[in-house]
Amino acid sequence: MHDYVIVGAGAAGCVLAARLSADPAVSVLLLEAGPHTDDERVRDPNRWAELAGSRYDWAYWTEPQHRLSGQPMQWPRGRMIGGSTAMNAMVYLRGMPGPYGYWAQMAGDDWAYPALRPFFELVEAGPDHDGVGLRMTRRDDSHPWCEAFVAAAKELGFGFNADLDRNGSAGVGYYTVTRTEDGRQGAADGYLAPAASRPNLTIAPQSCARSLDVAGDHATGVRYISADGVERTARASRELIIAAGVIGSAHLLLLSGIGPAQTLRRHGIPVRIDLPGVGRNLHDHLAVSVRFPSANPDPVRTGSGLADAGLFAGSAGHDESDMHLWLAPTPGADDESFTVAVGITRPLSRGLLTLASRDAGDAPLLQPSYLASDKDLGILVAGLRLITEIAGTHAIQALRKDPQARALSSDTRSLERFVRANASTQFHPVGTCRMGCDELAVVDPELRVRGLENVRVVDASVIPSITTGGTQGPTYAIAEKAAVLIGKT
Ligand SMILES: Cc1cc2nc3c(=O)[nH]c(=O)nc-3n(C[C@H](O)[C@H](O)[C@H](O)COP(=O)(O)OP(=O)(O)OC[C@H]3O[C@@H](n4cnc5c(N)ncnc54)[C@H](O)[C@@H]3O)c2cc1C
């Protein structure tokens, strides 16, 4: 029996394991479905894209996307110690304050941006006296093609934003990335490794949780298949914390009989708590990119994991930035072209995660319903128009093989078709165990599963409305805040 059992060693799980085990009087068990790894593709910040489809990926696919090409979309999620932070593109952004206003509407002022700021500052402060904390790098010596992107944005009149990571509201600037000279800084490196030798912390890789045992308003344990293939039950005297990520956490609740009663009954799962919101509110950043043949091969092929600089801009009539653009120098193995991409910062489309079957080995059905809102389509069309303008700047024309060629048609219908044929995930799904106080909330403002006294969900699944940048920064901040909430209990 441990004081705390944490399921999932990703961004949130590693923070919690490190913070809770800092008290030597408390014992913590961390269960992780995937292995520990020092695979070179994880270490090397430029090889993250190679991990999709590998043994370190849950390798999910969405349901067919009828408003896009009609095809399912690949959704990588890290399955290893470090979770998705061991395979992500490392861009660190707090995002604009706007969405946090919605968090506060749903869950109270403790989740408003001013209340969260100290936790972001904690994430950004770097290692503490025990060495626990992330090391980050501000990319101000950038890939020459990203420099051209910054120059292009300035040519078009966008201001330079020297604090894009903390104040990503508008303008062009350099990214902060969770890496050092030595390579990637995921949650496993920054949070878990410095705490791993503590005698009160047990880390169990290759231990996949299958369901919670629930009696009344308490979970009595979590059943998991351990590394030796045996089913075991872990018990927590204080709390069980689910940090299995946007897909794993909702899936685990559903398999445990916590979710919409109708769905559970349909799959023959006894209903423990009828929580209709489990799996709802699934949403993600959608992006589309345009490829340009370059005049010269990439001058520094290994210089960039994705992009070094980003631009936040508003589409026509919008003061608030609803578009995030970047230039990626080396997409795939091709070093003779670059892409300019645009993503929607605050998508309105909402989807659903639900069970495919009651078998824990079957992946859940993932329906993000991309472009369910026409407004999302309109923003990406506006983004493609801005990409055309960017492609016409002196700075970008100098990079292009065919500088005079028009990048895209100006006709709205053709641009819509381009979006539908080419848009893809930015790898930021959130929201399936949304926090709040209403009937559809899955966890309360203290992140307790509604109806259970001793279970919390702490990860990207509790996010009510996606933030405007990547989701690792907000997830780290949520976990830092949760560690304080749990410590107070
Ligand atoms: C390819 C890719 C690129 C990305 N790029 C960026 C980026 O550049 N910037 C950014 O901000 N964000 C990025 N993200 C998103 C970011 O990494 C995630 O939002 C963040 O890691 C979410 O943290 P989490 O704790 O919710 O989940 P995760 O980090 O995914 O961790 C969940 C953990 O739980 C484990 N787990 C799941 N189910 C079980 C179970 N049943 N039993 C035991 N363990 C389980 C998983 O194996 C995993 O280790 C990217 C993600 C991907 C996949």
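Bear in mind the structure is a predicted one, so any value in this text is a computation, not a measurement.

### Some points on the site of the ligand
Looking at the ligand, there are 39 residues lining it, with E32, S84, V91, T471 and Q472 nearest. W58 places a polar side-chain atom, nitrogen or oxygen, 3.0 Å from an oxygen atom of the ligand. Here an oxygen atom of the ligand sits 2.9 Å away from a polar atom, N or O, in the main chain of A460. Considering the ligand on its own, with 1,000 Å² of exposed area, one finds that the protein chains cover 97% of that surface. At the level of secondary structure, the elements contributing two or more residues to the shell around the ligand comprise helix 1 (11-20), strand 12 (208-215), helix 7 (245-255) and helix 12 (472-488). Class assignment for the residues of the shell around the ligand results in 20 nonpolar, 15 polar and 4 charged.

### Points about the nonpolar core
In terms of nonpolar packing, the biggest core is built from 135 residues, with L212 and L253 touching the most fellow members. At 9 residues, helix 9 (residues 374-391) tops the list of elements feeding residues into this core.

### What to know about unusual backbone geometry
In this structure, M90 takes a positive phi of about 75° despite not being glycine. Note on placement: M90 falls in the loop between strand 4 (74-75) and strand 5 (91-92). For M90, a relative accessible area of 3% gives the class buried. In this structure, N281 is a non-glycine residue whose phi angle is positive, near 65°. Here N281 shows up in strand 18 (residues 280-282).

### Regarding empty space enclosed by the protein
Scanning the model with the defined rule gives 3 cavities of 30 Å³ or more in all. Taken as a whole, the second largest cavity encloses approximately 50 Å³ of empty space. Taken together, H283, D284, L286, I344, P347, S349, P368, Y370, L371 and D376 form the lining of the second largest cavity. Of the residues belonging to the lining of the second largest cavity, the class tally is 6 nonpolar, 2 polar and 2 charged.

### Focus on the layout of surface pockets
Put simply, the second largest pocket is a space of about 270 Å³. Contributing to the lining of the second largest pocket are 16 residues, with S211, L255, S256, I269 and R358 lying nearest its centre. For the lining of the second largest pocket, the element with the highest residue contribution is strand 12, accounting for 5 residues. Tallied by class, the residues present in the lining of the second largest pocket amount to 6 nonpolar, 3 polar and 7 charged.

### Describing the packing of helix 9 against helix 11 (residues 412-422)
At a minimum axis separation of 9 Å, helix 9 and helix 11 run at an interaxial angle of 105°. One element, helix 9, and the other, helix 11, form an angle in the roughly perpendicular class. Residues L377, L380, V381, L384 and R385 of helix 9 lie in contact with helix 11, whose contacting residues are T412, L415, E416, F418, V419 and R420. A breakdown of the residues in the contact of helix 9 with helix 11 according to their chemical character gives 7 nonpolar, 1 polar and 3 charged.

### Observations concerning the environment of D274
Locating D274 in the fold gives a position in strand 17 (residues 273-274). What makes D274 partly exposed here is its relative accessible area of 47%. Taking C-alpha positions, D274 is 33 Å from P97, a pair spaced 177 residues apart along the chain. Setting aside anything within four residues of it in sequence, one finds D274 in contact with G259, P260 and A261. Polar side-chain contacts of D274 include one of 3.0 Å to the backbone nitrogen of A261.

### Some words on the packing of aromatic side chains
Each aromatic ring pair is summarised here by two numbers: the centre-to-centre distance and the angle between the ring planes. Scanning the entire structure with this criterion turns up 11 aromatic pairs. Ring centres of W48 and F427 lie 6.0 Å apart, and the angle between their planes is 85°; this geometry places the pair in the edge-to-face category. With W48 in the loop between helix 2 (40-43) and strand 3 (60-61) and F427 in the loop between strand 25 (424-425) and strand 26 (455-457), this residue pair connects regions lying 379 residues apart in the sequence. Note on W48: relative accessible area 13%, which makes it buried. Ring geometry for F292 against F338: centres 5.5 Å apart, planes inclined by 25°, an arrangement best described as stacked. Residue F292 is located in strand 19 (residues 286-293), and its partner F338 is located in strand 22 (residues 337-344); the two are separated by 46 residues in the primary sequence.

### Focus on the side chain of E239
With respect to the secondary-structure elements, E239 resides in strand 15 (residues 236-242). Residue class for E239 comes out buried when judged on its relative accessible area of 5%. A polar contact of 2.7 Å, which involves the side chain of E239, links it to the side chain of R456. Apart from residues no more than four positions distant in its own chain, E239 is found in contact with D3, Y4, V5, N454, R456, I486 and T489.

### Here we look at the sheet that holds strand 24 (residues 365-367)
Spatial strand order, 18-23-24: 3 strands in an open sheet with antiparallel pairing. With partners counted over all chains shown, the strands left at the sheet margins are strand 18 and strand 24, one partner each. Neighbour to neighbour, the strand axes of the sheet diverge by 35° on average, direction disregarded. Relative to the sheet, helix 7 contacts strand 18, strand 23 (351-354) and strand 24, its axis offset from that of strand 23 by approximately 55°.

Reading the values: the criteria
- Residues numbered from 1 in each chain as written.
- Predicted model: local features only at pLDDT ≥ 70, side-chain atom pairs only at ≥ 80, totals over all residues.
- Heavy atoms only, no water.
- Near = heavy atom within 4 Å.
- Polar contact = N/O pair within 3.5 Å; in protein donor to acceptor, adjacent residues only side chain to side chain.
- Areas by Shrake-Rupley, 256 points an atom, 1.4 Å probe, with all protein chains shown as cover.
- Helix = DSSP H or I, 4+ residues; strand = E, 2+ residues; numbered from the N terminus.
- Nonpolar A, V, L, I, M, F, W, Y, C, P; charged D, E, K, R; others polar.
- Core = buried A, V, L, I, M, F, W, Y, C linked by side-chain atoms within 4.5 Å.
- Buried < 20%, exposed > 50% of the residue type's maximum accessible area, 1.4 Å probe, protein only.
- 1 Å grid on protein atoms, 1.4 Å probe; cavity = no way out; pocket = protein on both sides within 12 Å on 5 of 7 lines; lining within 4 Å.
- Points joined across faces, edges and corners; volume = space filled by probe spheres on them.
- Axes fitted to C-alpha atoms, helices over the stretch in contact; angles between N-to-C directions.
- Parallel < 35°, antiparallel > 145°, perpendicular 65-115°, else oblique.
- Contact = heavy atoms within 4.5 Å.
- Phe/Tyr/Trp six-rings, centres within 6.5 Å; stacked < 30°, edge-to-face > 60°.
- Pairing = 2+ DSSP bridges.

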